[in-house]
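Fold and contact review
Listed below, chain by chain, are the residues.
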Amino acid sequence: MPHSNCSVCQPPTTSFSSHPIGSLDTLARMLKHSIPELENIAATADQRYRIGKRQLKKDGTFRDCYDALGDLKSIHARIQCLILNKVSYPIYLQGSIKDPACPRGQKANARMHTSKRTMITEDVKQFFPSVPSRIVFDIWHRFFRFPPIVASVLTKLTTKDGSLPQGSKTSALLANLVFWEDEWRLVANLHERGIIYTRLIDDITCSSKTDLSTETTTDIITRLHAMARRKGLRLHGGKQTIARAGERLVTTKLVVNVKTALPAELRSAIRASVGRLGRIPKAARMNHRYKRDYHSVSGKVAYLQQHHPNEGGQLREVLRGLAPPPATAEESKHQHSGPS
């Protein structure tokens, strides 16, 4: 459960308490590079990524997640640790924030909306690729109060082909700051009306303990669209939901009518995937495809255990009996030596 001091009752503004980085020399020393090295890495940053994961979406398009390479990867780690992790993120921001006192994430986000009578969810369309360099520059320059030359280099270091690259260490935390000027005002307005607002990166949820009128829900949705438009972003109309008491209330893929839970159909699908593994003959469990499928199912069971420990624990026991045998010494040698 969130810490008792975690509250959405008095939403503070997002703030950066450390001293601004006043020069390129200071930034270069912080990032462990000379100024020429840093400028070269910034100038060539677009080419310093690889696609780490490509996911097919329901609309037939792909979502690419990127991994930074070499020096850029280590620079991202330092930017994350020395700058972005120094930001005080209000509790209504739930994405990729390390906060032991007030844990954030999918489950913590969902818990804020349990046992409500009205829920509105919205999704920012194509969020990461739609956040352009100019918004990232604005964050570095106006939110962090870094001079233009520092903000410009940081923008080049944290964008790819003119937008935020999904998957990099810095992108999710920068995504939290996209609406830094407007979001706190919206949250305060909603709080005055007894409405809770949270955002998990691109997923926005508003909920109330009372039944909200059509007029009120329309006003909330209008305000959300206006906030997105002011940054040149759009909400995904096809993913908007308005749910009321008596219906299934879902936010960030968790059911929250009474407590957080995975949807029944997802739990059933995970059980079925374990069952399919169990029907594969033992003789076929050494091949690469089985090992790949086993690890995929194991990850799904781990996800189920986070929300349903007993059910997940039972499936984990079944998986232990289905584990592929360890590779022989000869196979391990071949895997590590690679093709000749």
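Residues numbered from 1 in each chain as written. Predicted model: local features only at pLDDT ≥ 70, side-chain atom pairs only at ≥ 80, totals over all residues. Heavy atoms only, no water.

**With respect to the pairing of strand β3 (residues 62–68)**
- Judged from the 7 bridges that link them, strand β2 (residues 49–56) and β3 form a sheet pairing that is antiparallel. Looking at the pairing, isoleucine 51 lines up with tyrosine 66 of β3.
- Counting the residues in the hairpin turn of β2 and β3 gives 5 residues, including glycine 60, whose phi is positive at 90 degrees. (Pairing = 2+ DSSP bridges. Helix = DSSP H or I, 4+ residues; strand = E, 2+ residues; numbered from the N terminus.)

**Observations concerning the pairing of strand β7 (residues 203–208)**
- Judged by how many residues are buried, β7 sits mostly within the fold: 5 of 6 residues are covered.
- Of the strand pairs in this sheet, strand β5 (residues 118–123) and β7 are connected by 6 bridges, and their pairing is antiparallel. If you follow isoleucine 120 over to β7, its bridge partner there is cysteine 206.
- Here 6 bridges tie strand β6 (residues 195–200) to β7, and the two strands are oriented antiparallel to one another. Note on β7: the bridge partner recorded for tyrosine 197 is cysteine 206.
- Connecting β6 to the antiparallel partner β7 that follows it, the hairpin turn spans 2 residues, and isoleucine 201 within it adopts a positive phi of roughly 60 degrees. (Buried < 20%, exposed > 50% of the residue type's maximum accessible area, 1.4 Å probe, protein only.)

**Observations concerning the pattern of salt bridges**
- According to the stated counting rule, one finds 19 salt bridges in the structure shown.
- One salt bridge connects aspartate 25 with arginine 29, and the closest N-O pair in it is separated by 3.1 Å. Taken as a pair, aspartate 25 and arginine 29 lie in helix α1 (residues 24–30) at a separation of 4 residues, close to a single helical turn.
- Since its relative accessible area comes to 37%, aspartate 25 is described here as partly exposed.
- Between arginine 54 and aspartate 64 there is a salt bridge whose closest N-O contact spans 2.6 Å. Here aspartate 64 lies in strand β3 and arginine 54 lies in strand β2, a separation of 10 residues in the sequence.
- Within the structure, one salt-bridge network assembled from shared partners comprises Asp138, Arg142, Glu181 and Lys231. (Salt bridge = Lys/Arg side-chain N within 4 Å of Asp/Glu carboxyl O.)

**Brief notes about helix α7 (residues 148–158)**
- Buried within α7 we find Val150, Ala151, Val153, Leu154, Thr155, Leu157 and Thr158.
- Against the buried residues of α7 lie α1, α2 (35–43), β2, α3 (70–82), α6 (133–143) and α8 (171–176). (Contact = heavy atoms within 4.5 Å.)

**Overview of the packing of helix α9 (residues 183–192) against helix α10 (residues 214–230)**
- For the pair α9 and α10, interaxial distance at closest approach is 11 Å and the crossing angle is 170 degrees. In terms of orientation, α9 and α10 fall into the roughly antiparallel class. Here Glu183, Leu186, Asn189 and Leu190 of α9 lie close against α10, whose contacting residues are Ile220, Arg223, Leu224 and Met227.
- Class assignment for the residues of the contact of α9 with α10 results in 5 nonpolar, 1 polar and 2 charged. (Axes fitted to C-alpha atoms, helices over the stretch in contact; angles between N-to-C directions. Parallel < 35°, antiparallel > 145°, perpendicular 65-115°, else oblique. Nonpolar A, V, L, I, M, F, W, Y, C, P; charged D, E, K, R; others polar.)

**Remarks on the environment of leucine 69**
- Tracing the backbone shows leucine 69 in the loop between β3 and α3.
- With residues near it in sequence (within four places) discarded, leucine 69 still touches Arg48, Tyr49 and Arg50.

The values reported here are purely geometric and, on their own, carry no functional implication.
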